[in-house]
Amino acid sequence: MDIVYFAWVRERIGLAREEVETSAATVADLVTELSGREERYAAAFADLSALRVALDQELSDFDAPLVGVREVAFFPPMTGG
Amino acid sequence: MDIVYFAWVRERIGLAREEVETSAATVADLVTELSGREERYAAAFADLSALRVALDQELSDFDAPLVGVREVAFFPPMTGG
Amino acid sequence: MQVRVQEAGFDPGAQSNDFAAGCSGAGAIVTFTGVVRDIEGGGLVAMEIEHYPGMTQTALEKIAAEAEARWSLADVLVIHRYGRLKPGAQIMMVATAARHRRDAFEAAEYMMDYLKSRAPFWKKEILLDGASEWVAAKADDEDALTRW
Amino acid sequence: MQVRVQEAGFDPGAQSNDFAAGCSGAGAIVTFTGVVRDIEGGGLVAMEIEHYPGMTQTALEKIAAEAEARWSLADVLVIHRYGRLKPGAQIMMVATAARHRRDAFEAAEYMMDYLKSRAPFWKKEILLDGASEWVAAKADDEDALTRW
């Protein structure tokens, strides 16, 4: 599964994209798994209310299942316009 | 006192501007006076709800006094924009 | 505030670029352009716009001043034409510049609503068959003023 | 519908004239242009706009399609830039064309409200002293969506 990061999430984790092997069932499970890996992930995911998630380039939420998902994106609230 | 007419009021009366001597106290009195003059005035002023009036180039209403007024304008509801 | 009543045509894109260039510091520019459209089924030769020369400029300036008083704006532009206009021709435009988009949008809508019913213009449609007809004011346009 | 995500600058006046020319029959054209403005007190060197390339075009098209479904529109244009923009540069624009002004205004406001909070862009301010800061999303912008 590909994971992509944007804006300060990308900066805090230090990566724009990575491929991970995971059996996480939901986005929340994936977040827990990543946060357990290294401090920089734990720091980036510390406050989920400050984060948004997209699954295969569609906005989603942290309860969503990951079955069949190829790309998960984490980023702060968007500031377009 | 100058009286000016616009749009279909001008067309119905057949004049864009005229000078009248009047002692009418209000716009409504002036309308009654003009309507009594000739059929074309009576026709133009038949339905006051379809007319608007400006006194010295400020929107006003038919109850307004004419004291000190130099120019009275009669016209249909405006259609700007 | 820039208010222009004119017979001549204008280029809305060039006008809005000029307007925006004069408003550095404003993050939001809104423009509205009104265009003569053909009538249902076609056959409009021209739209004739009559106005009240002594009153028009003042009436438009009052509307623009009220918009500037109600919203936080960097600048306001109003251009309104009179005379004989062909289908597709620009009739008028308003532009607003503000720090925040809501101010720019609301002020532009406010000015349009007042221009429709409170600026001394009257429109007459000239049709292919030689007939002509004054455009009637719409109850909707009068009702729109109750928003403000 | 025309939706363009691009790094290059654009001329809002020329874009809006081209857009209007393609919408004969629409009497009302509304445009919104967003411009990089300096921060309070000055000192902004540039605004860096990051986006999510795979998602951006689709997200903008969804917003434009929803506007076309909700209002009676002749056409819709969205242009949004990414990359490093100087103060005074155009960030984005939307344009709407409709028979009636209310449709054109509301659709443009709707698109702006959704672009602010639902299009995958993130802005970073680069300051004179070398510091930089991500622009935080505003609660007001999120609240604006409840209007629709």
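Residues numbered from 1 in each chain as written. Chains lettered and ligands numbered in written order. Predicted model: local features only at pLDDT ≥ 70, side-chain atom pairs only at ≥ 80, totals over all residues. Heavy atoms only, no water.

Draft legend 1. Region of the structure containing the overall build of chain C. A count of helical and extended segments in chain C gives 4 helices and 8 strands. What you see for chain C is a C-alpha radius of gyration of 16 Å, in line with the 15 Å of a compact globule of 148 residues. Along the first, second and third principal axes, the C-alpha set of chain C runs to 50 × 35 × 30 Å. A burial count over chain C gives 55% of its 148 residues as buried. Long-range contacts, defined as pairs at least 24 residues apart, comprise 77% of the intrachain contacts of chain C with a sequence gap of at least 6. With an accessible surface of roughly 6,000 Å², chain C has 47% of that area assigned to carbon and sulfur atoms. Distance between charge centres in chain C, computed from 16 positive and 22 negative side chains, equals 2 Å. (Helix = DSSP H or I, 4+ residues; strand = E, 2+ residues; numbered from the N terminus. Rg over C-alpha atoms; globule rule 2.2 N^0.38 Å. Buried < 20%, exposed > 50% of the residue type's maximum accessible area, 1.4 Å probe, protein only. Contact = heavy atoms within 4.5 Å. Areas by Shrake-Rupley, 256 points an atom, 1.4 Å probe, with all protein chains shown as cover. Lys, Arg positive; Asp, Glu negative; His and termini not counted. Charge placed at Lys NZ, Arg CZ, Asp CG, Glu CD.)

Draft legend 2. Representation of the interface of chain D and chain A. Taken together, the 25 residues of chain D in the interface contact 20 residues of chain A. Between chain D and chain A we count 3 salt bridges in total. Residues Glu-11 of chain A and Lys-124 of chain D are paired through a salt bridge, measuring 2.3 Å at the closest nitrogen-oxygen approach. Summed over the shared surface of chain D and chain A, the result is 13 residue pairs in polar contact (both at pLDDT 80 or more). Put simply, the parts of the chain that give the side of chain D that touches chain A at least two residues each are strand E3 (44-51), helix H2 (53-70), strand E6 (90-98), helix H3 (101-118) and strand E7 (121-127) of chain D. Element by element, the count of residues in the side of chain D that touches chain A is highest for H3 of chain D, at 5 residues. (Salt bridge = Lys/Arg side-chain N within 4 Å of Asp/Glu carboxyl O. Polar contact = N/O pair within 3.5 Å; in protein donor to acceptor, adjacent residues only side chain to side chain.)

Draft legend 3. The sheet that holds strand E8 (residues 132-134) of chain C, seen in detail. All names here are of chain C. On the basis of which strands lie adjacent, the open sheet formed by 4 strands has the order E5-E3-E7-E8 and antiparallel pairing. Only two strands of the sheet have a single neighbouring strand rather than two, namely strand E5 (83-85) and E8. Across this sheet, the average inter-strand angle for adjacent strands is 25°, counted without regard to direction. Taken together, the 3 bridges between strand E3 (residues 44-51) and E5 define a ladder with antiparallel strand orientation. Counted as the bridge partner of Met-47 is Leu-85 from E5. (Pairing = 2+ DSSP bridges. Axes fitted to C-alpha atoms, helices over the stretch in contact; angles between N-to-C directions.)

Draft legend 4. Region of interest: the interface of chain C and chain D. Counting residues at the interface gives 32 residues for chain C, matched by 32 residues for chain D. On the chain C side of the interface with chain D, the three residues burying the most area are Arg-37, Arg-101 and Phe-105 of chain C, jointly 26% of the side's total. Seen at the junction of chain C and chain D, the total is 10 salt bridges. On the surface where chain C and chain D come into contact, there are 21 residue pairs in polar contact (both at pLDDT 80 or more). Looking at the side of chain C that touches chain D, the elements with two or more residues in it are helix H1 (12-21), strand E2 (28-35), helix H3 (101-118) and helix H4 (139-144) of chain C. Split by residue class, the side of chain C that touches chain D holds 12 nonpolar, 9 polar and 11 charged. (Buried area = accessible area lost by both parts, 1.4 Å probe. Nonpolar A, V, L, I, M, F, W, Y, C, P; charged D, E, K, R; others polar.)

Draft legend 5. Molecular detail of the packing of aromatic side chains. In the structure shown here, the tally under the stated rule is 26 aromatic pairs over all chains. Seen from their ring centres, Phe-45 of chain A and Phe-74 of chain A are 4.8 Å apart, and the 75° between their planes marks the pair as edge-to-face. Of this pair, Phe-45 of chain A sits in the loop between helix H3 (39-44) and strand E3 (52-55) while Phe-74 of chain A sits in strand E5 (residues 71-75), and the two are 29 residues apart along the sequence. A residue is classified by how much of its surface remains accessible, and Phe-45 of chain A, at 4% relative accessible area, is buried. Summarising the aromatic geometry, the rings of Tyr-5 of chain B and Phe-74 of chain B are spaced 6.2 Å apart at their centres and angled 15° between planes, so their arrangement reads as stacked. Separated by 69 residues along the polypeptide, Tyr-5 of chain B in strand E1 (residues 2-5) and Phe-74 of chain B in strand E5 (residues 71-75) bring together distant segments of the chain. Take Tyr-5 of chain B and Phe-74 of chain B: they sit in the same class, and that class is buried. One aromatic cluster is present, formed by Tyr-5, Phe-45, Phe-62 and Phe-74 of chain A through successive ring pairs. (Phe/Tyr/Trp six-rings, centres within 6.5 Å; stacked < 30°, edge-to-face > 60°.)

Draft legend 6. Geometry of the sheet that holds strand E2 (residues 17-19) of chain A. All names here are of chain A. Taken in spatial order, the 5 strands line up as E2-E1-E5-E3-E4 in an open sheet, and their pairing is mixed. Lying at the two open borders of the sheet, with one neighbouring strand each, are E2 and strand E4 (58-60). Averaged over neighbouring strand pairs, the angle between their axes works out to 25° when direction is ignored. When strand E1 (residues 2-5) meets E5, the two strands line up parallel, connected through 4 bridges. The residue of E5 that forms the bridge with Val-4 is Ala-73. Along the sheet, helix H2 (residues 27-37) contacts E1, E2, E3 and E5; its crossing angle with E5, the most-contacted strand, is approximately 70°.

Draft legend 7. Representation of the relation of the copies chain C and chain D. Overlaying chain C on chain D yields an RMSD of 0.0 Å, the required transformation being a rotation through 180° with an accompanying axial translation of 0.0 Å. Expressed as a symmetry operation, the mapping of one chain copy onto the other fits a two-fold axis. Among all residues of chain C, the minimum C-alpha distance to the rotation axis is found for Gly-13 of chain C, at 1.8 Å. By residue overlap, the copies meet face to face through one surface: 100% of the interface positions of chain C are interface positions in chain D. (Least-squares fit on C-alpha atoms with pLDDT ≥ 70 in both.)

Draft legend 8. Quick peek at the pattern of salt bridges. Evaluated as defined, the whole model comprises 34 salt bridges over all chains. As a salt-bridge pair, Arg-17 of chain A and Asp-2 of chain A come within 3.6 Å of each other at their nearest N and O atoms. With Arg-17 of chain A in strand E2 and Asp-2 of chain A in strand E1, the pair connects residues that are 15 residues apart, well separated along the chain. Relative accessible area serves as the criterion here: at 44%, Arg-17 of chain A is assigned to the partly exposed category. Across the salt bridge formed by Lys-62 of chain C and Glu-58 of chain B, the nearest N and O atoms sit 3.1 Å from each other.

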